[in-house]
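These are the residues of each chain, in order.
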Amino acid sequence: MTDLLMISPILMAVLPGLWSFGKIRRMFWTLMALLLLPVLLMIPGSLLLGAFGLAWRCAAVRWSGLCFLAGIDVLFLWVVGYLWREIPADRWHILPVWLCRLAAAAVIGAACFFFTLFSAFWVLFLADMDHTMELDGERVVVQFLWNDGCNYYDCYGPLLRGTELLEGSDN
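Residues numbered from 1 in each chain as written. Predicted model: local features only at pLDDT ≥ 70, side-chain atom pairs only at ≥ 80, totals over all residues. Heavy atoms only, no water.

**Details of helix α4 (residues 94-125)**
Thought 1: Between the first and last C-alpha of α4 there are 45 Å, a value that for 32 residues agrees with the 46 Å anticipated at 1.5 Å per step.
Thought 2: Buried within α4 we find V97, R101, A104, I108, C112, S119 and V123.
Thought 3: Next to the buried residues of α4 lie α3 (58-86). (Helix = DSSP H or I, 4+ residues; strand = E, 2+ residues; numbered from the N terminus. Expected span 1.5 Å × (residues − 1). Buried < 20%, exposed > 50% of the residue type's maximum accessible area, 1.4 Å probe, protein only. Contact = heavy atoms within 4.5 Å.)

**Re the pattern of salt bridges**
Thought 1: Counted by the stated rule, this structure contains 1 salt bridge.
Thought 2: In this structure, D130 and R57 form a salt bridge, with 3.4 Å as the shortest nitrogen-oxygen distance. One end of the pair, D130, is in strand β2 (residues 129-135); the other, R57, is in the loop between β1 (54-56) and α3, and 73 residues separate them in sequence. You'll find D130 and R57 in the same group, each marked buried. (Salt bridge = Lys/Arg side-chain N within 4 Å of Asp/Glu carboxyl O.)

**Looking at the side chain of Q143**
Thought 1: Inspection of the secondary structure puts Q143 in strand β3 (residues 138-144).
Thought 2: Overall, Q143 belongs to the buried group, its relative accessible area being 7%.
Thought 3: When neighbours within four sequence positions are excluded, Q143 is seen to be in contact with C58, D128, M129, D130, G149, C150, N151, Y153 and R161.

**Some words on a negative patch on the surface**
Thought 1: A cluster of acidic side chains, namely E134, D136, E138 and E167, defines a negative patch on the protein surface.
Thought 2: The topology assignment puts D136 in the loop between β2 and β3.
Thought 3: For D136, a relative accessible area of 78% translates into the label exposed. (Patch = residues over 30% accessible without salt bridge, like charges linked within 9 Å, V, L, I, M, F, W, Y side chains within 5 Å. Areas by Shrake-Rupley, 256 points an atom, 1.4 Å probe, with all protein chains shown as cover. Lys, Arg positive; Asp, Glu negative; His and termini not counted. Charge placed at Lys NZ, Arg CZ, Asp CG, Glu CD.)

Below, the structure is given as structure tokens:
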């Protein structure tokens, strides 16, 4: 289910972006990079790493989530730009059209702000935390749990850790 939630913003952005040109086309490719790279790293990347007994560390998951959220914010901005261009204006109705454009931009901007605030809080503060330390002469990753416990995993660099729990873990 979460895989479908991650892919839905990508699908929403693909169709209008393929027929766009100029600045909008550059914005489309920026959006695709911000939305596709985290999804490709987390879904197939996790499956591939799991086959080798590895997993992403918490920082990699957190930065991938923030990159995905930035892509969704760019999607909000894209909607504002599209609505700004597509609401027609003629010289007799210029004031109502500008007020309509400003109202649409304000509503979408507020949605973007609150979405960013809520999701950044979710990604930054409710995600697991880990750090690297020496334990019995071996570098291990200590992952802190919500119930004041911690798990120990083998360390394979700044972005990867093992999947097997080491001795001394709380679970």
